[in-house]
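If you want the building blocks of each chain, they are given just below.
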Amino acid sequence: MPRPDPEQPPAHDAHLHAATLKRLEQSSGRLAANAIARMDESLPWYRAMPPENRSWIGLVAQAGIAAFTEWFRHPETPQAISTDVFGTAPRELTRAITLRQTVEMVRTTIEVMEAAIEEVAAPGDESLLREALLVYAREIAFATAQVYAQAAEARGAWDARLESLVVNAVLSGEADEGAVSRAAALGWNSPEHVCVILGTAPDGDSELTVEAIRRAARHAKLQVLTGVLGNRLVVIAGGSDNPLQVAKGLIGPYAAGPVVAGPVVPDLLAATRSAQAAAAGLKACLAWQDAPRPVLADDLLPERAMAGDPAARDQLVEEIYRPLEEAGSALLETLSVYLEQASSLEGAARMLFVHPNTVRYRLRRVTDVTGWSPSDVRSAFTLRIALILGRLAAADPQS
């Protein structure tokens, strides 16, 4: 008597399998309709969706049941479930519904199919169909994760490119409404206060550096657009009117070396001015070896002016020399003499033929008018450069 081949299923089992498969094919439309009805009943987000998206979800549910039927027909054949099921819907659907919502949709469909096992399976084949559905549910879960992972990767790559375009436009002085639109697509909510932070980028994966900036920004409750351009790490930060505090909160991912914070500007279109000041400060920071880290671009005005930054020269003249000139010649003369006399009150008083208290009073007025104190060494250096540039501008008929 010949022995049965263990690789071949018994004829009785094959007959049951064929009968179950036929009943499954006949029930697929009804099961899909039941799944959609269950979603409409139990998932509020599904009811709130526009008709177009609900129709796509219905197609996904139908495709899932059809894919299970085909998989049940040939369980030994490897099949791309993600393509069979999710290929019916447009890629934009991953933006319309979240991963959690997709999991709820899949779970609802599987529950409807599981509840129908007793009536769909041929008598005696219920256990086989139930086991097949459990295996298929696992596979569809993996397929769901894969689809969203691929969508996230594609979206992340596209977002990184958009962000790089925005950062480069701001740094190069080409920011326009197009850059604002791109920033809005990245979640930039047009904060009132914006500043640019520049420093050296660390070696290694720039994506890790960018992610570290994002974590620091979330902790500091700031909005950021960031990128690594060449060897520079650029951060456009919004949400604070204190650029030095912003720089301190984001300084961790920067490599060793100076980190410069540009001045606060009202919006992204004006951020070019902050970026240019920070870039000029980063270049000029070599001249101030004891500069703090981070440092404000405005604290580097004298070095920037000597390095050829016209904006710094204009700022020193307009914010220091002109106000002193308008306040009267006595303040300009007193400040000039005081600086020439090595910051000596008595020496300046002798040169001006006034009492030292008069010199002291006028120097306090200088501080009130300019915000820079002549008695501070660093401020005195800034004031001296401002006087030089102001005199040169006054002598230039074209200024």
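Residues numbered from 1 in each chain as written. Predicted model: local features only at pLDDT ≥ 70, side-chain atom pairs only at ≥ 80, totals over all residues. Heavy atoms only, no water.

In the annotation of an unreviewed UniProt entry, the protein chain is listed under the name Helix-turn-helix domain-containing protein and assigned to Streptomyces anulatus. A UniProt comment under Sequence similarities (unreviewed entry) is attached to the protein chain, and it reads "Belongs to the CdaR family." (UniProt positions renumbered as here; feature names shortened; annotations may be inferred.)

Along its length, the protein chain carries 18 helices and 5 strands. Looking at the protein chain as a whole, 45% of its 399 residues qualify as buried. Considering only intrachain contacts with a sequence separation of at least 6, the fraction spanning at least 24 residues in the protein chain is 68%. Surface summary for the protein chain: the accessible area is close to 21300 Å², and the carbon and sulfur share equals 53%. (Helix = DSSP H or I, 4+ residues; strand = E, 2+ residues; numbered from the N terminus. Buried < 20%, exposed > 50% of the residue type's maximum accessible area, 1.4 Å probe, protein only. Contact = heavy atoms within 4.5 Å. Areas by Shrake-Rupley, 256 points an atom, 1.4 Å probe, with all protein chains shown as cover.)

Let's shift gears to empty space enclosed by the protein. Tallied over the full model, the rule gives 2 cavities of 30 Å³ or more. The computed volume of the largest cavity comes to approximately 120 Å³. What lines the largest cavity is a set of 12 residues, among which Val60, Gly64, Val106, Thr109 and Ile140 lie closest to the centre. For the lining of the largest cavity, the secondary-structure elements that each account for two or more residues are α3 (51–73), α6 (99–115) and α8 (126–172). Here the lining of the largest cavity takes 5 residues from α6, the largest share from any one element. Considered class by class, the residues forming the lining of the largest cavity number 10 nonpolar, 2 polar and no charged. A volume near 60 Å³ is recorded for the second largest cavity. Lining of the second largest cavity is provided by Leu24, Leu31, Phe68, Met113, Ala116, Ile117, Val120, Leu129 and Leu133. Counting only elements with at least two residues in the lining of the second largest cavity, the list comes to α1 (11–42), α7 (117–120) and α8. Of the residues contributing to the lining of the second largest cavity, the split by class is 9 nonpolar, no polar and no charged. (1 Å grid on protein atoms, 1.4 Å probe; cavity = no way out; pocket = protein on both sides within 12 Å on 5 of 7 lines; lining within 4 Å. Points joined across faces, edges and corners; volume = space filled by probe spheres on them. Nonpolar A, V, L, I, M, F, W, Y, C, P; charged D, E, K, R; others polar.)

Our next topic: the environment of Leu250. Structurally, Leu250 can be placed in helix α11 (residues 243–250). Residue Leu250 is classed as buried on the basis of its relative accessible area of 0%. Taking the C-alpha atoms as reference points, Leu250 and Leu222, 28 residues apart in sequence, are found 9.7 Å from one another.

The next point concerns the packing of aromatic side chains. Applying the stated criterion across every chain, the model contains 2 aromatic pairs. Judged by centre distance (6.3 Å) and plane angle (85°), the ring pair of Trp45 and Tyr46 falls under edge-to-face. Like Tyr46, Trp45 is buried. One Lys or Arg, Arg378, reaches over the ring of Trp288 and ends 3.5 Å from the middle of that ring. (Phe/Tyr/Trp six-rings, centres within 6.5 Å; stacked < 30°, edge-to-face > 60°. Lys NZ or Arg CZ within 6 Å of the ring centre and 35° of its normal.)

Attention now moves to the pairing of strand β1 (residues 194–200). Across the 7 residues that make up β1, a large majority, 6, are buried. Bridge analysis of β1 against strand β3 (residues 232–238) gives 7 bridges, and the strand direction is antiparallel. Bridge pairing in β3 places Gly199 opposite Leu233. Sheet topology places β1 next to strand β4 (residues 259–261); 3 bridges connect them, and they run antiparallel. Bridge pairing links Leu198 to Val260 in β4. (Pairing = 2+ DSSP bridges.)

Turning our attention to the pairing of strand β2 (residues 223–229). Within a regular beta strand, the side chains point alternately toward one face of the sheet and then the other, so they alternate between its two faces. Summarising burial for β2: 5 of the 7 residues are buried, a large majority. As paired strands, β2 and β3 are joined by 7 bridges and run antiparallel to one another. In the sheet register, Val228 faces β3, and the bridge partner there is Leu233. Counted between consecutive antiparallel strands, the loop separating β2 from β3 contains 2 residues, among which Gly230 sits at a positive phi close to 65°.

Quick look at the sheet that holds β4 now. Strand order in the open sheet formed by 5 strands is β2-β3-β1-β4-β5, and the pairing between neighbours is mixed. Unpaired on one side and paired on the other, β2 and β5 (295–296) mark the two borders of the sheet. Sheet contacts for helix α12 (residues 271–284): β1, β3 and β4; angle to β1, the most-contacted strand, approximately 30°. (Axes fitted to C-alpha atoms, helices over the stretch in contact; angles between N-to-C directions.)

Summed over the entire model, instances satisfying the criterion amount to 11 salt bridges. Of the charged contacts in the structure, one is a salt bridge between Arg54 and Asp40, with a shortest N-O distance of 4.0 Å. With a gap of 14 residues between them, Arg54 in helix α3 and Asp40 in helix α1 connect regions that are remote in the sequence. Across the salt bridge formed by Glu340 and Arg384, the nearest N and O atoms sit 3.5 Å from each other. Of this pair, Glu340 sits in helix α15 (residues 329–340) while Arg384 sits in helix α18 (residues 377–395), placing them 44 residues apart in sequence. In this structure, a network of salt bridges that share partners links the residues Glu318, Arg322 and Glu325. (Salt bridge = Lys/Arg side-chain N within 4 Å of Asp/Glu carboxyl O.)

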